[in-house]
Structure formats: structure tokens, C-alpha cells
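# A look at the structure
Here are the chains, one letter per residue:
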Number of protein chains: 2
Amino acid sequence: MRDEFAWIASITPKEHRQASLLEGIGDDAALVKGSEEEDQVVCLDTMVEGVHFTTDTMAPFHIGHKALAANISDVAAMGGIPRYYLVSIAVPASWSEEALGEIYKGMDTLAETYKMDLIGGDTVSTKGPLVLSITVIGSVESGKKLLRRNARPGDVVFMTGCAGDAAGGLALLLEHTRNHPFTLTEQALVQAHQLPLPNVEAGRLLAEANVRVALNDISDGVASEATEIAESSGVKLTLVWDKLPKSIALQSYPQEQQEQWLLYGGEDYTLIGTMAQEDFSLIQQKAKDCNLSFIAVGKVEAGAPAVWLERSQQPIEALHKAGYNHFS
Amino acid sequence: MRDEFAWIASITPKEHRQASLLEGIGDDAALVKGSEEEDQVVCLDTMVEGVHFTTDTMAPFHIGHKALAANISDVAAMGGIPRYYLVSIAVPASWSEEALGEIYKGMDTLAETYKMDLIGGDTVSTKGPLVLSITVIGSVESGKKLLRRNARPGDVVFMTGCAGDAAGGLALLLEHTRNHPFTLTEQALVQAHQLPLPNVEAGRLLAEANVRVALNDISDGVASEATEIAESSGVKLTLVWDKLPKSIALQSYPQEQQEQWLLYGGEDYTLIGTMAQEDFSLIQQKAKDCNLSFIAVGKVEAGAPAVWLERSQQPIEALHKAGYNHFS
């Protein structure tokens, strides 16, 4: 495939057929009219052995956990509560039933945290690598649209947690495999890759706050996700390197390496978004009460849709929408 | 995998965590509480190249059509209206973007019939065969449960159309490939395999009729689907061979061949179910008004859960739950 974005554009319907469809393809998840009080949030994510993971980097438990986490993260990026999931798994004969059971245990352990129910699925055989696809259905207060296109000039850009750790963990796992005796610092990065935690509570705080919010989850690196907000909203985002939240583990690496992982790594599943300055102060106060963090990392201005990075004592630099293209 | 049914049992949750979950794993689709008026019907189905189809038997357009049809059929078997779908596709490099586009065209053409919207998905690469997984979300009047476990002694067993044609078509395609110049009779069977049509209207008539109905779609052969009803309901079903609806194309084959395809073939996507005799007369009248067919094919009695077949001038025979086990 030449270009993933062009492909998605080519299959995206030009119009809605169902009156109850509020938001179709184009954001982290679709929004569908539910009851008077609630809309439904629906998303799907697929992981392929040899493309998104290998058994050298991930135990079966991790694979299940992470595949569900990626989907829950999409619901979180819409401010939603995850409720149900369905699992499609195509399994090669080389996988034992026990290993397969571990994948389900990885999903169920995370699902239990959110009281989610497994409500359907299909288990089929394949002669190729394992393919795991999960559909998650959640809900959000009706009328709430925490979409990428909501950013406005004057907004603060914020993040709800660190980024870059998962990419660092992947680099370590690719170099040493998951059975390597990692140091404590390295273990922190490896765990960020294998057992990422979606930021549902942060998304919920935003949905309940009744303020305009642009929101995206960091599945493809900060540069790519920020660019999606800039392009969807038609605004210019400037991120400040010194403000971007970095774990202590990440900070133990050279700055160039930190930048590579944080800006272009991905699979962190924290949230990045924008909102008005006055709303942000209020949100930060509320967040403190529930032990959540909302960190200001930059600003939104009128201008050509793009993302810029400010480093101390260096000229401002344009970031590119690299992210991880599974076809390149 | 030793046994698909044992595997499904092992991953089926023992309890519901969400109060809004009405029916989880165990029927054609899950039922979730929606608005005051409507519940939601959710299902997922996966097709793998080399297991469920090959490019010798199915053009890309057929693959898309059939994968969506299989899911819509599960919604039909719950009496539901299909509304939305999400598509996960893992594609090997050998597939051209054009062929991939044809898969989507096959889905969209069928989706248009039902005014369904494509609301999400994921397109990823794989080094193995193509894996296509579709999730469909539909709706049904709240409180309607057209479940397999609803059969009662004294019920009529009915079908909403012919079965066996799709298996006949598959046999022809496996023998000759899809480029063979088939006779008109053969073409009817081939089309039943490549472009099956789910029986949504028949399911809707049953949901709107306000009667107790046990219902299943014929995806794994009449013997297997009837056995699921017998086992879920704890009743004995007797089917009468002469009453089972057979197409003219199917009838051109020897009876032994007809039986093999009709009873153990699958992928027909017509419906089989049971209801009280007095309700059935009413339904047949209504069906006639809308050009639908409900054909009485047998009876339900108290007894050990099993399915029996009556043929003229032959001893009654027990049918086994063969169906198509993708792991055998």
C-alpha cells in the first residue's frame, strides 16, 4: 500500500446513511446516538504477529492486554467509559491453547479494571501469523464531542502523562528479547511497552467538565497526534520540549534519543489535547483532587496547520507526521 | 485446537459486569440495552484466506459481500435491523490496492441495501493470508429476544428459505474454480455460495409479530443449527426430509448429495426456528403479504435434546452436530 492515509480517505464514506450516526470514520472512535442520556463510542484496532509484536518482545498475556488497551485508549480519547468488547482471533497451529488462553487472560485482567464484558467474537485458524482484532463499545454523555477538530487559537496544548517510554521499551526488547535481565530503569520502559495503561479517568474528567476540548490518544507518537489536531482544526501548534513530560527512565537517555522516542515512537496511550487557558486552570485544579495530571506542553495559534517544536537556545523546528506507518 | 465448542465455553464469561448487558456470548449476537425503545444487537465474524475462501473460489468483491452478509445474518437471527459495521483487514503484500478496493465495494454494495454505515476499522499488513473481520451493530425493539433457547414442545420447526445451495456451489468452485463456464443450474449454486443474501426481512417480521420464537441462522448446516436449538432449549426436534426446502438446482443432484449439502453444508444464511402452531399460521399469512416464505419443516417434542430426520419409507435417523469446524 502506497499511503495509509490516502487509503483510509478512499474508503471513508462520503455521507451518513443512518440518522443516528453522529461521527463516523475520522476520529479515535465513532459516535452513535444511544439513549437520551448517552451516546455510544465504537472503535476497532488490529494487531498482527510480526508487524505489531513478536513473541520475542511480548508474552501472550501482554499481547491480550495491549490490544485491549489500545482500543480502550481510543474510547478514552472520546471521553468515554469502555463497556463491552468483542474479539476476533486468527490463530496459527503453532500457538498452543494455553498460550491462547493467556491472551484472553491479558484482556480479561484489564477488562476487569473497567468492569467490561466480553460479549462476542470469533476464533478461527490461519496458516499465517496470529491476527488479533478487538472491537470496543463504550458510552459518553450525549452531545459530548471531544474531537481532534476542536482546537482554537489561544488554546493551551496539554498532555495527561509521559510519552516515549513505550518506544524505549520496544527498542530494548528488540535488542535483548523479553527474557533479558533488565535493570530497574529499563524495566520501567519495557513495562510501558508491554502493559500500557489507557487514560480513561483523564478522558472522563474532560467529558464531565463541560468545556470545549480537542483530544487525541498518543498511539503514533506526539508529533503525529499533534499534527492530526493541527490539521483537523486548521491551526498551528507549538510544543515546548522542556515542558513535554518525560519519565525518569526516559531522562536517563541522551536528548536525541529521548526526542526520537517521545516525538516519533508511539503506543504510549496517554492523551494529548487542547483547551482554552481559563478552562485549563479549572481542569488542573479538578485533576489534582483526583490524582490525575494535566501538563501544559505548548500553545495553539492561528496559522498554517502544522506542529512546531521549541527547544531552549535552538531555532524552532517543524515536526513531521511520521508516526508508525505499518505499511512502510 | 481440540474442540471449538469447548474453547468457546472456556472463554465465555461466567457473569455479566455491566448491568446493561442483556445477552452475552451464546447466541447469534449479543444484546445490549440501548434506549427506551431499542436494544442493540452486536456480532463479529472473521474470514481467513485459505480457510474460509480462496481467490480461486471467490473474487474480491464476493469476499467483501459474503463477510458482511454473514454478520448481517447474525443480526437477522436476532430479529434486528443492521445499522453499522466496522472492518478489520490484515492484508499480505501480494494483494493489490485495487483488489482490496473490490472487497470494500462488495461490502458497500450490500451495506447500501440496508442503509448501513461503515463507521470504523483498521487496515494492517501481514506476512500471512488475508484476514477479514467485521463487526456489525444493529437494533431491535427493546425486550425482543429471538433466542435459540426459546423452543417448546408442540412448536413447529420452520425455515425461511432453501439450504444446501451454498455448499453445492462451493463443491463446484473447488472442482472447477470460479472462471469455469458453469451451466445455468450450476451458476445458481455458485451464486448462493459467493453472494448469499441474509434474511433480514424474515427476522424483522418475527420481531414485530410479538410471539415467542426460537431462531438461528443457517451458517453451519441445518443439522448443526437445529441441534443448537434442541440443546439450548432442552427439546427434541424432528425434521421431515420431504418438507425441507430445496432449490430446483439442488434437486437436480442425487438425494444423498442433496442431504450432505443441505444438512451439513452451511453458509446459506437463511433462518431456522420454532414457534407455536397457532402463531405459525398467523405468521404464514403475514409473510404471504410481504412475499416472504416461512416453511414448516418439522416439529418440537419433549425429549432428550437431539435432532431426528424422517424420510419416507425409511427408519428415523439421528442427525449429528457436524457443521464446519474450522479447526478440524
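Reading the values: rules and limits
- Throughout, residues of each chain are indexed from 1 in the direction in which the sequence is written.
- In the order they appear in the text, chains get letters beginning with A and ligands get numbers beginning with 1.
- Note on the predicted model: pLDDT of at least 70 is required for a residue's local features to be given, and 80 or more for side-chain atom pairs to be given and counted; whole-chain, interface and lining totals, by contrast, use all residues.
- The basis for the side-chain values is all heavy atoms of the structure; hydrogens and waters are excluded.
- Each helix corresponds to a stretch of at least 4 residues labelled H or I by DSSP, and each strand to a stretch of at least 2 residues labelled E; elements are numbered beginning at the N terminus.
- We take the radius of gyration over the C-alpha atoms and set the globule estimate at 2.2 Å times the residue count to the 0.38 power.
- Burial here depends on accessible area, computed with a 1.4 Å probe over protein chains only, as a share of the maximum for the residue type. Under 20% is buried, over 50% is exposed, and the range in between is partly exposed.
- Any two residues whose heavy atoms approach within 4.5 Å are treated as being in contact.
- All accessible areas in this document rest on Shrake-Rupley with a 1.4 Å probe, and a residue is counted as covered only by the protein chains that are shown.
- The charge count treats Lys and Arg as positive and Asp and Glu as negative. His and the chain ends do not count.
- Here the site of a charge means NZ on Lys, CZ on Arg, CG on Asp, or CD on Glu.
- Two parts placed together each lose some accessible area under a 1.4 Å probe, and adding up what both lose gives the buried area.
- One side-chain nitrogen of Lys or Arg within 4 Å of one carboxyl oxygen of Asp or Glu is enough to make a salt bridge.
- Whenever a nitrogen or oxygen atom comes within 3.5 Å of another N or O atom, the pair is scored as a polar contact, on the condition that within protein one atom can donate a hydrogen and the other can accept it, and that pairs from neighbouring residues in sequence are kept only if both atoms are in side chains.
- Amino acid classes used here: Ala, Val, Leu, Ile, Met, Phe, Trp, Tyr, Cys and Pro are nonpolar; Asp, Glu, Lys and Arg are charged; the rest, including Gly, are polar.
- Axis definition: a line fitted to C-alpha atoms, limited for helices to the stretch in contact. Angles are taken between N-to-C directions and run from 0 to 180 degrees.
- Roughly parallel refers to an angle under 35 degrees, roughly antiparallel to one over 145, roughly perpendicular to one between 65 and 115, and oblique to any angle outside these ranges.
- Here the copies are matched by least squares. The fit uses the C-alpha atoms of residues with pLDDT of at least 70 in both.
- Two strands pair if DSSP finds at least two bridges between them.
- Per the annotation, domain bounds derive from an automatic or database assignment of domains.
- UniProt positions are given in the numbering used here, feature names are shortened, and annotations may be inferred rather than shown by experiment.

When its secondary structure is counted, chain A shows 10 helices and 13 strands. For a compact globule of 328 residues, the expected C-alpha radius of gyration is about 20 Å, and chain A comes in at 19 Å, within 12% of that figure. Over its C-alpha atoms, taken along the principal directions, chain A stretches across nearly 55 × 50 × 45 Å. Burial analysis of chain A (328 residues in total) assigns 60% to the buried set. Pairs at least 24 residues apart make up 82% of the contacts formed inside chain A by residues separated by at least 6 positions. Here chain A displays about 12,900 Å² of accessible surface, and carbon together with sulfur accounts for 50% of that area. Computed over 25 positive and 44 negative side-chain charges, the separation of the two mean positions in chain A equals 6 Å.

Listed as interface residues are 64 residues of chain A and, on the opposing side, 64 residues of chain B. Regarding the contact of chain A and chain B, the summed buried area is about 5,200 Å², with carbon and sulfur atoms giving 59% of it. Viewed at the interface, chain B and chain A are joined by 2 salt bridges. Taking the shortest distance from any N to any O, the salt bridge between Asp108(B) and Arg17(A) comes out at 2.9 Å. Taken together, the connections running from chain A to chain B amount to 26 residue pairs in polar contact (both at pLDDT 80 or more). Secondary-structure elements contributing two or more residues to the side of chain A that touches chain B are helix 1 (4–11), strand 2 (30–33), strand 3 (38–48), strand 4 (81–91), helix 3 (97–113), strand 5 (117–125) and strand 6 (131–141) of chain A. Residue contributions to the side of chain A that touches chain B peak at 9 residues, all from strand 5 of chain A. Taken together, the residues of the side of chain A that touches chain B break down into 30 nonpolar, 21 polar and 13 charged.

Residues and elements named next belong to chain B. Their axes nearest at 5 Å, the elements helix 7 (residues 222–233) and helix 9 (residues 255–264) cross at an angle of 40°. Between helix 7 and helix 9, the crossing angle belongs to the class labelled oblique. Across the interface between the two elements, Val222, Ala223 and Ser224 of helix 7 pack against Leu262, Leu263 and Tyr264 of helix 9. Counted by class, the contact of helix 7 with helix 9 contains 5 nonpolar, 1 polar and no charged residues.

Further remarks concern the relation of the copies chain A and chain B. What connects the two chain copies is a rotation about an axis and a shift along it. For the pair chain A and chain B, the best superposition has an RMSD of 0.0 Å and corresponds to a rotation of 180° with a translation of 0.0 Å parallel to the axis. Look at the turn and shift together and you get a two-fold axis relating the two. Comparing interface residues between copies, 100% of those in chain A also sit at the interface in chain B, which points to an isologous, same-surface contact.

We now examine the sheet that holds strand 1 (residues 21–23) of chain B. Residue and element names in this part refer to chain B. The strand order across the open sheet formed by 6 strands is 1-2-3-6-4-5, and the pairing between neighbours is mixed. In the strand order of this sheet, the two ends are held by strand 1 and strand 5 (117–125), each with one partner. The average angle at which neighbouring strand axes cross in this sheet is 20°, direction not considered. Along the sheet face, helix 6 (residues 200–208) touches strand 4 (81–91) and strand 6 (131–141) and points at about 30° away from the line of strand 6.

This part is about the domain arrangement of chain A. Residues and elements named next belong to chain A. What the domain assignment reports for chain A is domain 1 (4–141) and domain 2 (148–319). Using only C-alpha atoms to locate each centre, domain 1 and domain 2 end up separated by 22 Å. Taken together, the 30 residues of domain 1 in the interface contact 27 residues of domain 2. For the domain 1 and domain 2 pair, buried surface summed over both sides reaches about 2,400 Å², with 52% attributable to carbon and sulfur atoms. Our count for the contact surface shared by domain 1 and domain 2 stands at 5 salt bridges. Those elements that provide at least two residues to the side of domain 1 that touches domain 2 are helix 2 (60–76), strand 4 and strand 6.

Once that is clear, we can look at the UniProt feature "binding site: Mg(2+) 1" (unreviewed entry) in chain A. All names here are of chain A. When the UniProt feature table is mapped onto this chain numbering, "binding site: Mg(2+) 1" (unreviewed entry) sits at Asp45 and Asp122. As for its placement among the helices and strands, Asp45 is situated in strand 3. Residue placement: Asp122 occurs in strand 5. The class of Asp122 is buried, set by a relative accessible area of 15%.

A few words now on the side chain of Thr123(B). Within the secondary structure, Thr123(B) is located in strand 5. The exposure class assigned to Thr123(B) is buried, which follows from its relative accessible area of 7%. Engagement of the side chain of Thr123(B) in a polar contact is seen with the side chain of Trp7(A), the distance being 3.0 Å.

Glycine aside, a negative phi is what most residues show, and trans is what most peptide bonds show. Residues and elements named next belong to chain B. Not every positive phi belongs to a glycine, and Asn291 is a case in point at roughly 60°. As for its position among the elements, Asn291 is in the loop between helix 10 (277–289) and strand 11 (295–301). Residue Asn291 is classed as exposed on the basis of its relative accessible area of 75%. The backbone phi angle of Gln313 is positive, close to 60°, even though this residue is not glycine.

All names here are of chain B. By the definition in use, this model includes 30 salt bridges over all chains. The partner of Asp28 in a salt bridge is Arg148, and the shortest N-O contact between them spans 3.1 Å. Residue Asp28 is located in the loop between strand 1 and strand 2 (30–33), and its partner Arg148 is located in the loop between strand 6 and strand 7 (156–159); the two are separated by 120 residues in the primary sequence. Using a relative accessible area of 8% as the deciding quantity, one classes Asp28 as buried. Judged by its relative accessible area of 11%, Arg148 is buried. Put simply, Glu259 and Arg311 hold a salt bridge, and the shortest N to O gap is 2.6 Å. Of this pair, Glu259 sits in helix 9 while Arg311 sits in the loop between strand 12 (306–310) and strand 13 (317–319); the two residues are 52 residues apart in sequence, bridging distant segments of the chain.

Under the local residue numbering, the UniProt record ascribes the feature "binding site: Mg(2+) 2" (unreviewed entry) to Asp45(A) and Asp74(A). Spatially, the listed residues are clustered: although they cover 30 residues, their C-alpha atoms lie within 9.1 Å of one another. The residues contacting Asp45(A), other than those within four sequence positions of it, are Ala70(A), Asn71(A), Asp74(A), Leu132(A), Ser133(A), Ile134(A) and Asp122(B). In this structure, Asp74(A) is in contact with Asp28(A), Ala29(A), Cys43(A), Asp45(A) and Asp217(A), ignoring residues within four places of it in sequence.

To continue, consider the sheet that holds strand 11 of chain B. Residues and elements named next belong to chain B. Reading across from one edge, 8-10-7-11-9-12-13 is the order of the 7 strands in this open sheet, with mixed pairing throughout. Across the chains shown, the open sheet's two edge strands, defined by having one partner strand only, are strand 8 (214–217) and strand 13. Across the sheet, the mean angle from the axis of one strand to that of its neighbour is 30°, orientation sign disregarded. Note that strand 9 (residues 236–240) and strand 12 share 5 bridges and pair parallel. Bridge pairing in strand 12 places Val240 opposite Glu310.

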